[in-house]
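Letter by letter, the chains look like this.
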There are 2 protein chains.
Amino acid sequence: MVTLEDVARLAGVSRSTVSRVINGQPHVRAETKARVLAAVERLGYRPHPIARSLATRRTKVVSMLIPESLTKLFSDQFFAILLQGAVHACNTRGYQMVLALFDDPRRQEELYRQLLQNGYVEGAVVASAAPDDPVIQALREDGIPVVAVGKQPGLPYVDVNNYGGARMATEHLLSLGYRRIATITGPLSHLHVQDRLAGYRDALKAHGIPYEEELVVEGGFTEVGAMAAVAKLLPLRPEAIFVQSDTMAAGVMRALRSHGLRVPEDVAVVGFDDIPLASLLDPPLTTVRQPIRLLGFMAVELLVDLLDGHNPGPRENTVLPVELVVRSSCGITRKQFLEKRSEKPFPVKGET
Amino acid sequence: MVTLEDVARLAGVSRSTVSRVINGQPHVRAETKARVLAAVERLGYRPHPIARSLATRRTKVVSMLIPESLTKLFSDQFFAILLQGAVHACNTRGYQMVLALFDDPRRQEELYRQLLQNGYVEGAVVASAAPDDPVIQALREDGIPVVAVGKQPGLPYVDVNNYGGARMATEHLLSLGYRRIATITGPLSHLHVQDRLAGYRDALKAHGIPYEEELVVEGGFTEVGAMAAVAKLLPLRPEAIFVQSDTMAAGVMRALRSHGLRVPEDVAVVGFDDIPLASLLDPPLTTVRQPIRLLGFMAVELLVDLLDGHNPGPRENTVLPVELVVRSSCGITRKQFLEKRSEKPFPVKGET
DNA sequence: TTGTAAGCGTTATCAT
DNA sequence: ATGATAACGCTTACAA
């Protein structure tokens, strides 16, 4: 391994000087600088990050935390895309991303300490966790720099307009004439689940439709959970279902099919996320598109700003807009939607 | 921050002694050990990994490398599941996993050096790359400890029986009476693509069916690539298509549908992977199941063994078995398959 | 069994 | 503008 020392010797200067040119500090004569650079080049010198870290207490490593409760959802494309955005931001900012899955409930604590206390990791972005998740608690207590994906009280976060998206989805269904609209939610402990539920509820209310508790069922964000939810819902004869994630919507469509029901003729379905899966379903899924990649990207941008001491600004929370993508699972094709919209514009509200 | 020094002082011993008990070395009196442990406990001491790394030249971090050519495929559930297995292995072995996506073609080189030369990363597992991928080249040249997912000449690897799987899939189709069987492949530069193609070809040959070049089309492992492939294939009137990945199979089914063709009545489809998506398609996809999670798990197990100096054994390559999962896109339901099989057992060969 | 001391490769402070 | 020198927190001969 070639060290600062080696370079210094070859360039005929001291270690400190080499360090200065490496770090682009001022106050070094152009000629010396050139000599040092030549030596660096000649020797193929590369700084040793570990040594540097020991001296500076910086590592340029952040982590994406997936709480235990979400680990089983990890094959949902949502996370892959989120990760892609996050890693992309790391790439542009010169950081490395360690992926932490708390997959063993018994080792939560241990894995947490290993990673974050005294670890390589300078800060973390934690993916859509419930506020009472132990990881969130620990993070908040330890005061570790962290930004959440999804609203998180007491933490800086980036989120999407869940309320508006759910409301748009539901109002779209209403505009198509459906009246008996059920919804399948994620775990209610999650704030974004509550927001989406509120959007659904308010849309109904705005149209003078009573809110029926039996029409909202928890699907746990999984395909099988959603299938079970459908089983509960079916006796209630819903005309349409607003499902809080595309993965669950896929489960819903499968369950409906197995009950001999057609989508959208017998039951219309609208999802949430717009992951690639959505357009592959049959019929293609109408859904609320979130900018997932951007969510991941902005989360680490924000985190890195925090770590690098930029952006000490007050407003650290971002809410990204969502958009309704009309395909055919709702009973109207995209083209029809556009036509309908132009002749008799339907107010798609939602606080963007 | 509480350091070794602090603990030493409190316990009334030297730094070295504390270090010894921390690292569980022998030759330390039980009584001293207890005293040190007490001090550690009292002070809440935790070793500083960076400092330790500088001294030992070990970091306990490995990386999962996704070559640039695959980054756009990253939302394929295959990778999420692979990652899950890999991270799980890291968790059990006390390693951290940094996820590296070479998403910017122009910065390939730079990102590579940043990560691997002098970096935190001790070793890497590289996901199904083509042998001529620059990353593979660099890795091999630099002699960095690495294990590949998917056969990789000159590198230790873990792989699945691609040949056998493809052969099983094709023979299954043959056994159902299809004769004109097309195939949609991934990029032919990938070894596992070639293996799967060979399995397809040999199955045909074994049944005396001539191999027609026009019936094999490259789909690039993407949904849209596969849709384009279908467009090319359709004029040739295939009765069935063996598709080299489930994601592509989803694209195939979508394309078929848009051409007014039914699956399996008009064209039968078999996929490869058995990601969760497969069972969500309509009709549910018959496919070749690979143990994806295990693949990821074993890859890092192998890597960590390498790094920790265990397992200096000779045979470092593992080939995992695959299995045909019969659903209904092939034109036969699971139940029918089992019945058929018991009355007139069809030899599902493939070198396991 | 325990302690002393020399690294590991940088950065940072303070002279000069 | 440059150079000594002391950290950074730990491991590891080597000595005692």
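Throughout, residues of each chain are indexed from 1 in the direction in which the sequence is written. Think of it this way: whatever chain is written first is A, whatever ligand is written first is 1, and the rest follow in order. A pLDDT threshold of at least 70 governs which residues receive local features in this predicted model, and a stricter bar of 80 or more applies before side-chain atom pairs are shown or counted, although totals over entire chains, interfaces and linings include all residues.

1. Let's talk about the overall build of chain A
Only DSSP runs of H or I with at least four residues qualify as helices, and only runs of E with at least two residues qualify as strands; both kinds are numbered from the N terminus onward. Across its full length, chain A carries 15 helices and 12 strands. Atoms counted for the radius of gyration: C-alpha only. Globule rule: 2.2 Å times the number of residues to the power 0.38. By the compact-globule yardstick of 20 Å for 352 residues, chain A is too spread out, its C-alpha radius of gyration being 26 Å. A principal-axis box enclosing the C-alpha atoms of chain A has dimensions of 85 × 50 × 35 Å. Of all 352 residues assigned to chain A, the portion counted as buried reaches 51%. Residue pairs at least 24 apart in sequence account for 72% of intrachain contacts in chain A once pairs closer than 6 positions are excluded. The exposure label follows from counting other C-beta atoms within 10 Å of a residue's C-beta, where the C-beta atoms are placed from the backbone and the thresholds are 20 or more for buried and 12 or fewer for exposed, leaving partly exposed in between. In this description, any two residues whose backbone-derived C-beta atoms lie within 7 Å of each other are considered to be in contact.

2. A short note on the protein's contact with DNA strand D
Only the C-beta atom, placed from the backbone, is used; a residue is near a molecule or strand if that atom lies within 6 Å of it. Near DNA strand D you find 26 residues, and of these Ser16(A), His27(A), Leu4(B), Ala51(B) and Ala55(B) are the closest. Contributing elements (two or more residues each) for the surface near DNA strand D: helix H2 (15–22) and helix H4 (49–56) of chain A together with helix H2 (15–22) and helix H4 (49–56) of chain B. Broken down by element, the residue count for the surface near DNA strand D peaks at 5 residues, all from H4(B). Residues of the surface near DNA strand D, tallied by class, amount to 11 nonpolar, 11 polar and 4 charged. Residues are grouped as follows: Ala, Val, Leu, Ile, Met, Phe, Trp, Tyr, Cys and Pro are nonpolar; Asp, Glu, Lys and Arg are charged; every other residue, Gly included, is polar.

3. Notes on the sheet that holds strand S6 (residues 181–185) of chain A
Residue and element names in this part refer to chain A. What makes two strands pair is DSSP finding at least two bridges between them. Strand order in the open sheet formed by 6 strands is S7-S6-S8-S9-S10-S12, and the pairing between neighbours is mixed. Looking at strand neighbours, the two that pair on one side only are strand S7 (216–218) and strand S12 (323–325), the edges of this open sheet. Here the average twist between neighbouring strands, direction ignored, is 20 degrees. Sheet topology note: the strand S10 (residues 286–289)/S12 ladder contains 3 bridges and is antiparallel. Bridge pairing in S12 links Arg289 to Glu323. For helices, the axis comes from a line fit to the C-alpha atoms of the stretch in contact; other axes are also lines fit to C-alpha atoms, and the angle between any two N-to-C directions lies between 0 and 180 degrees. Here helix H9 (residues 162–175) sits on the sheet in contact with S6, strand S8 (240–243), strand S9 (268–273), S10 and S12, set at roughly 165 degrees to S9. Sitting on the sheet, helix H10 (residues 191–206) is in contact with S6, S7, S8 and S9, with an inclination near 175 degrees to S6.

4. Comments concerning the pairing of strand S5 (residues 157–160) of chain B
Residues and elements named next belong to chain B. Neither face of S5 is exposed, since Tyr157 and Asp159 on one face and Val158 and Val160 on the opposite face are all buried. Direction of pairing for strand S4 (residues 146–149) relative to S5: parallel, over a ladder of 2 bridges. Each bridged residue has a counterpart across the sheet, and for Val149 the counterpart in S5 is Val158. Strand direction decides the pairing type here: S5 and strand S11 (residues 318–320), joined by 3 bridges, are parallel. If you follow Asp159 over to S11, its bridge partner there is Val319.

5. Quick look at the domain arrangement of chain A
Those domain boundaries reflect an automatic or database domain assignment. Segmenting chain A into domains produces domain 1 (4–56), domain 2 (61–160 + 294–316) and domain 3 (162–291 + 324–343). The centre of domain 1 of chain A, based on its C-alpha atoms, is set 60 Å off from the matching centre of domain 3 of chain A.

6. What to know about the relation of the copies chain A and chain B
Each copy of the sequence occupies a distinct position, and chain A is placed on chain B by a rotation of 180 degrees and an axial shift of 0.0 Å, giving an RMSD of 0.1 Å. With respect to symmetry, the two chain copies, as superposed, fit the operation of a two-fold axis. Minimal C-alpha separation from the rotation axis in chain A is found for Val98(A), amounting to 2.0 Å. Mapped onto chain B, 95% of the interface residues of chain A are again interface residues, and the two copies thus contact each other with one and the same surface. Copy-to-copy superposition: least squares on the C-alpha atoms, limited to residues that have pLDDT of at least 70 in both copies.

7. Description of the protein's contact with DNA strand C
Not every one of the 26 residues close to DNA strand C is listed here, only the nearest: Leu4(A), His48(A), Ala51(A), Ala55(A) and Ser16(B). Among the elements that line the surface near DNA strand C, the one with the most residues is H4(A), at 5 residues. Within the surface near DNA strand C, the residues separate by chemical class into 11 nonpolar, 11 polar and 4 charged.

8. Section: the packing of helix H11 (residues 223–233) of chain B against helix H12 (residues 246–258) of chain B
Residue and element names in this part refer to chain B. It is the contact of H11 with H12, at a shortest axis distance of 7 Å, that shows an interaxial angle of 45 degrees. In terms of axis orientation, H11 runs oblique to H12. Crossing of H11 against H12: the hand is right-handed. Taking contact as the criterion, the partners of Glu223, Val224, Gly225, Ala226, Met227, Val230 and Ala231 in H11 are, on H12, Thr247, Met248, Ala250, Gly251, Val252, Arg254, Ala255 and Leu256. Broken down by class, the residue content of the contact of H11 with H12 amounts to 10 nonpolar, 3 polar and 2 charged. Should an angle lie under 35 degrees it is considered roughly parallel, over 145 roughly antiparallel, and from 65 to 115 roughly perpendicular; all remaining angles are considered oblique. Rotating anticlockwise by less than a right angle from the far helix to the near helix defines a left-handed crossing, while the corresponding clockwise rotation defines a right-handed one.

9. With respect to the packing of helix H1 (residues 4–11) of chain B against helix H3 (residues 30–43) of chain B
Residues and elements named next belong to chain B. Their axes nearest at 9 Å, the elements H1 and H3 cross at an angle of 125 degrees. With respect to H3, the axis of H1 lies oblique. Seen along the crossing, H1 lies across H3 with a hand that is right-handed. Of the residues in H3, those in contact with Asp6, Val7, Leu10 and Ala11 of H1 are Arg35, Val36, Ala39, Val40, Arg42 and Leu43. Partitioned by chemical class, the residues of the contact of H1 with H3 number 7 nonpolar, no polar and 3 charged.

10. A few points about the sheet that holds strand S6 (residues 181–185) of chain B
All names here are of chain B. As summarised here, the arrangement of the 6 strands in space is S7-S6-S8-S9-S10-S12, forming an open sheet in which the pairing is mixed. Strands at the two margins of the open sheet, each flanked by one partner only, are strand S7 (216–218) and strand S12 (323–325). Across this sheet, the average inter-strand angle for adjacent strands is 20 degrees, counted without regard to direction. Sheet topology places strand S8 (residues 240–243) next to strand S9 (residues 268–273); 3 bridges connect them, and they run parallel. Paired with Ile241 across the strands is Val269, a residue of S9. Sheet strands in contact with helix H10 (residues 191–206) are S6, S7, S8 and S9, and its direction is about 175 degrees off that of S6.

11. Considering the environment of Asp195(B)
Residue and element names in this part refer to chain B. With respect to the helices, strands and loops of the structure, Asp195 is situated in helix H10. Owing to 21 C-beta atoms within 10 Å, Asp195 belongs among the buried residues under this scheme. Remark: the alpha-carbon pair of Asp195 and Asn161, spanning 34 residues in sequence, is separated by 8.5 Å. Sequence-distant contacts of Asp195, defined by excluding residues within four places in its chain, comprise Asn162 and Tyr163.

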